[in-house]
Amino acid sequence: MRIMFLAKRESLKYLLSLFILVLSLGVQGKERNKDLLYCLGQEELSLHSTKRTGPHYFLNQHFINEAASAGEFRLKDKFYREICEIREFPPSIGLLRGILLYEEDIFKQVSHEDQNIAALYKSGYQAFITETPQIFFQFLALIQTQTKYPHCLRENIPKLYEFTRKFQYLREDLDLKELIKDKKSIEGIFTKLKYLNAIYDECDKKQKKLDSKVKTKR
């Protein structure tokens, strides 16, 4: 499957996103702590300092670019605490999970005297939500690329493997929204993702055993 990395988008959009991100990180006071872009920006700084790339970095960059270019998004307090403060998952992964499971319910409804501004805000996060299933499947595909053991996902996260296969072979005929209607399965996938590093370690051990068997036969 071809993975379209968002880092290849127009340079103007990237520079605009970076500029807005810097402004967000520079915001002072209590209000900063409820800002989704600030939360994602802090995660990006952490990823940069540890030089981590791969699926997690891809997801973080996607959400930063979208939030910065489409406008400010406000999460409901409950979801902000879960995603940015409690952090059962890294913020970008927690945000992906939240959108897939709860969709519009995670965002605050903004009232404004100018109905056009209110409508623009709503259309912004609705577009954000609409694009998320596609990003979810790109994220899943990238997870598989992080291990050389070809049966890693099928053996350890069967539902993730099943989702990826359906997307790969049926995406032309199947509405992505239909694939993600099974919220229980999505929750199960994210529960398994908590242990992804341990799964990778186990798969790497299996691959090393296979490699050693091949060398022995030569």
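Everything below is about the structure printed above this text.
Everything numeric in this text was worked out from a predicted model, so none of it was measured.

Novice: Please clarify how the pattern of salt bridges should be interpreted in this entry.
Specialist: Side-chain pairs of opposite charge can arise where the charged atoms are in close proximity. Following the criterion strictly, the structure yields six salt bridges and no others. Between Asp 77 and Lys 108 there is a salt bridge, with the nearest N and O atoms lying 3.4 Å from each other. Of this pair, Asp 77 sits in helix 4 (residues 77-86) while Lys 108 sits in the loop between helix 5 (91-102) and helix 6 (115-145), placing them 31 residues apart in sequence. Close ionic contact of Glu 88 with Lys 194 constitutes a salt bridge, the shortest N to O distance being 2.3 Å. Placement of the pair is Glu 88 in the loop between helix 4 and helix 5 and Lys 194 in the loop between helix 10 (183-193) and helix 11 (196-217), with a sequence separation of 106 residues.

Novice: What exactly am I supposed to notice about the environment of Lys 78 here?
Specialist: Position of Lys 78 relative to the elements: it lies in helix 4. Residues Lys 78 and Ile 106, 28 residues apart in the sequence, show an inter-C-alpha distance of 8.3 Å.

Novice: Sorry if this is basic, but what is going on with a positive patch on the surface here?
Specialist: Together, Lys 205, Lys 208, Lys 209 and Lys 213 give the surface a local cluster of positive charge. Using a relative accessible area of 53% as the deciding quantity, one classes Lys 213 as exposed.

Novice: Please explain the packing of aromatic side chains as it appears in this structure.
Specialist: Where two aromatic rings form a pair, the distance of their centres and the angle of their planes describe that pair. What the rule picks out here adds up to seven aromatic pairs. The interplanar angle of 15 degrees and the centroid separation of 4.9 Å between the aromatic rings of Phe 107 and Tyr 125 together place this pair among those described as stacked. Of the two residues, Phe 107 is situated in the loop between helix 5 and helix 6 and Tyr 125 in helix 6; the sequence distance between them amounts to 18 residues. With a relative accessible area of 0%, Tyr 125 lands in the buried category. Ring centres of Phe 136 and Phe 190 lie 6.0 Å apart, and the angle between their planes is 15 degrees; on these two criteria the pair is classed as stacked. Placement of Phe 136 in helix 6 and of Phe 190 in helix 10 is noted, with a sequence separation of 54 residues between them. A connected cluster of aromatic rings, assembled from ring pairs, spans Phe 63, Phe 107, Tyr 125 and Phe 128.

Novice: I'm lost on the state of the cysteines in this one. Help?
Specialist: Think of a disulfide as a covalent bridge from one cysteine sulfur atom to another cysteine sulfur atom. Using the criterion set out here, one finds two disulfides in the structure. Each sulfur of the disulfide joining Cys 39 and Cys 84 lies 2.1 Å from the other. Across the disulfide from Cys 39 to Cys 84, rotation about the S-S bond amounts to roughly -105 degrees, and the bridge is consequently left-handed. Note that Cys 39 is positioned in helix 2 (residues 36-49) and Cys 84 in helix 4, a separation of 45 residues in sequence. Residue classification places Cys 84 among the buried positions, given a relative accessible area of 8%. The disulfide bridge from Cys 152 ends at Cys 203, spanning 2.1 Å between sulfur atoms. Taking the sign of the S-S torsion, 90 degrees for the link of Cys 152 and Cys 203, the bridge is right-handed. One end of the pair, Cys 152, is in helix 7 (residues 152-156); the other, Cys 203, is in helix 11, with 51 residues separating them in the sequence. Across the pair, Cys 203 and Cys 152 agree in class, each one buried.

The rules behind the values
- Residues numbered from 1 in each chain as written.
- Predicted model: local features only at pLDDT ≥ 70, side-chain atom pairs only at ≥ 80, totals over all residues.
- Heavy atoms only, no water.
- Salt bridge = Lys/Arg side-chain N within 4 Å of Asp/Glu carboxyl O.
- Helix = DSSP H or I, 4+ residues; strand = E, 2+ residues; numbered from the N terminus.
- Patch = residues over 30% accessible without salt bridge, like charges linked within 9 Å, V, L, I, M, F, W, Y side chains within 5 Å.
- Areas by Shrake-Rupley, 256 points an atom, 1.4 Å probe, with all protein chains shown as cover.
- Lys, Arg positive; Asp, Glu negative; His and termini not counted.
- Charge placed at Lys NZ, Arg CZ, Asp CG, Glu CD.
- Buried < 20%, exposed > 50% of the residue type's maximum accessible area, 1.4 Å probe, protein only.
- Phe/Tyr/Trp six-rings, centres within 6.5 Å; stacked < 30°, edge-to-face > 60°.
- Disulfide = S-S within 2.5 Å.

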